Amino acid sequence: MIKWFIAILGYTFFRFPGAILGFILGSLIDSQVNSRSEGGFKTVFSQEPEVTPADFELNLLSLSSIVIKADGKVNQTELDYVRQYFVQSYGKERANATFRTFNEIIKNRQVSPQRVCMYINRHTRYPARLQILHFLFGIANADGSVSTSEAEEIRKIAGFLQIQFKDFESIKAMFFKTGDHAYKILEIEKTATDAEVKRAFRTMAKKYHPDKIQHMDEIHIKGAEAKFREVQNAYDQIKKERGLA
């Protein structure tokens, strides 16, 4: 199926975030192909009742354009990050066609993040939206760091995507390194006691341990493994800072 092919390509080049995003896009393409006779979704860019599989791509690229332009300039490294993903996912010819529209969005179009996110919210589940958020942070971090203005734009998008605050802060902490990012990954305050740190780690480790979802698809298992590693790394850092055994 298309979704697995794209997911594998995404994982090859962008690890777990790429795999999830590829799976999302591929699933939407599959659903469009399978339900063409039923009408389909309505895009935020077209007034036509029937849409093509490219609709989700354009909405995702629109969010990408907001992040890329957040600091007042268009960074080529960030453009290349997005382009590389789409080339590897869909092939050069299709990516080139998509990016002609993307260039128009970057240069001329005022994008409404709220409208784009309303579309995404209707057609994706919450875990998928978390991975979209992760993808947007990856774009911002493509030049080596996430600026304050980029983080602020992603925060606004997270709100429109109905992402919970702690989830946003946890994902942000994986890219926007601060003095307390390890605590944010564990979803606790830096003032937490040693006992609270250990309890938070046990809670998060239990929540995301891969053994919990062995019955599910491999893509979900890899996601749990990636999140579990982040939780473990955060806990190890805090233990080292505090001299915990």
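What you are looking at is a predicted structure, and each value in this text was computed from that prediction instead of being measured.

**Student:** Any details on the overall build of the protein? Residues and values, ideally.
**Tutor:** Scanning the protein from N- to C-terminus turns up eleven helices and zero strands. Mapped from its N terminus to its C terminus, the protein presents α and β elements in the order α-α-α-α-α-α-α-α-α-α-α. With 245 residues in all, the protein has 49% of them scored as buried. The long-range share in the protein, meaning contacts at least 24 apart out of those at least 6 apart in sequence, stands at 66%. For the protein, the accessible area works out to roughly 12600 Å², and carbon and sulfur atoms hold 51% of it.

**Student:** How would you sum up the side chain of asparagine 121? Please name residues and give values.
**Tutor:** The topology assignment puts asparagine 121 in helix α5 (residues 113-123). Under the relative-accessibility criterion, asparagine 121 is labelled buried at 17%. Here arginine 129 takes part through its side chain, which lies 3.2 Å from a polar atom of the side chain of asparagine 121. For asparagine 121, the residues in contact, after removing those within four places along its chain, are Arg129, Phe160, Leu161 and Gln162.

**Student:** So what's going on with the environment of threonine 191? Residues and values would help.
**Tutor:** Following the sequence through the fold, threonine 191 ends up in the loop between α9 (181-185) and α10 (194-208). Look at threonine 191 and you get exposed, because its relative accessible area is 72%. With eleven residues separating them along the chain, threonine 191 and aspartate 180 place their C-alpha atoms 9.8 Å apart.

**Student:** How would you explain helix α6 (residues 126-140) if you had to name every residue and give the values?
**Tutor:** Compared with an ideal rise of 1.5 Å per residue, which puts 15 residues at 21 Å, α6 spans 22 Å between its outermost C-alpha atoms and is within 8% of the ideal. Burial within α6 is extensive, with 13 of its 15 residues counted as buried.

**Student:** Can you lay out the packing of aromatic side chains for me, pointing to particular residues and giving the numbers?
**Tutor:** Per the counting criterion, the structure on display carries three aromatic pairs. Ring centres of tyrosine 81 and phenylalanine 135 lie 6.1 Å apart, and the angle between their planes is 40 degrees; on these two criteria the pair is classed as tilted. Remark: phenylalanine 135 occurs in helix α6 and tyrosine 81 occurs in helix α3 (residues 76-90); sequence separation between them is 54 residues. Classification of phenylalanine 135 as buried rests on a relative accessible area of 3%. When the centroid spacing of 5.9 Å and the interplanar angle of 40 degrees are considered together, the rings of phenylalanine 137 and phenylalanine 168 count as tilted.

**Student:** Give me the pattern of salt bridges: which residues, what numbers.
**Tutor:** All told, the structure shown has six salt bridges when counted by the stated rule. Residue arginine 155 pairs with glutamate 152 through a salt bridge whose shortest N-O separation is 2.6 Å. Remark: glutamate 152 and arginine 155 occur in helix α7 (residues 148-160); sequence separation between them is three residues, near one turn of the helix. Residue class for arginine 155 comes out partly exposed when judged on its relative accessible area of 38%. We classify glutamate 152 as partly exposed; its relative accessible area is 30%. Among the ionic pairs, lysine 239 bridges to aspartate 236, the shortest N-O distance being 4.0 Å. Of this pair, lysine 239 and aspartate 236 both sit in helix α11 (residues 218-242), three residues apart, which is roughly one turn of the helix. Residue lysine 239 is classed as partly exposed on the basis of its relative accessible area, which comes to 21%. Among the residues examined, aspartate 236 registers a relative accessible area of 33% and is labelled partly exposed. Put simply, Glu169, Asp180 and Lys184 are held in one network by salt bridges that share partners.

Parameters at a glance
Residues numbered from 1 in each chain as written. Predicted model: local features only at pLDDT ≥ 70, side-chain atom pairs only at ≥ 80, totals over all residues. Heavy atoms only, no water. Helix = DSSP H or I, 4+ residues; strand = E, 2+ residues; numbered from the N terminus. Buried < 20%, exposed > 50% of the residue type's maximum accessible area, 1.4 Å probe, protein only. Contact = heavy atoms within 4.5 Å. Areas by Shrake-Rupley, 256 points an atom, 1.4 Å probe, with all protein chains shown as cover. Polar contact = N/O pair within 3.5 Å; in protein donor to acceptor, adjacent residues only side chain to side chain. Expected span 1.5 Å × (residues − 1). Phe/Tyr/Trp six-rings, centres within 6.5 Å; stacked < 30°, edge-to-face > 60°. Salt bridge = Lys/Arg side-chain N within 4 Å of Asp/Glu carboxyl O.

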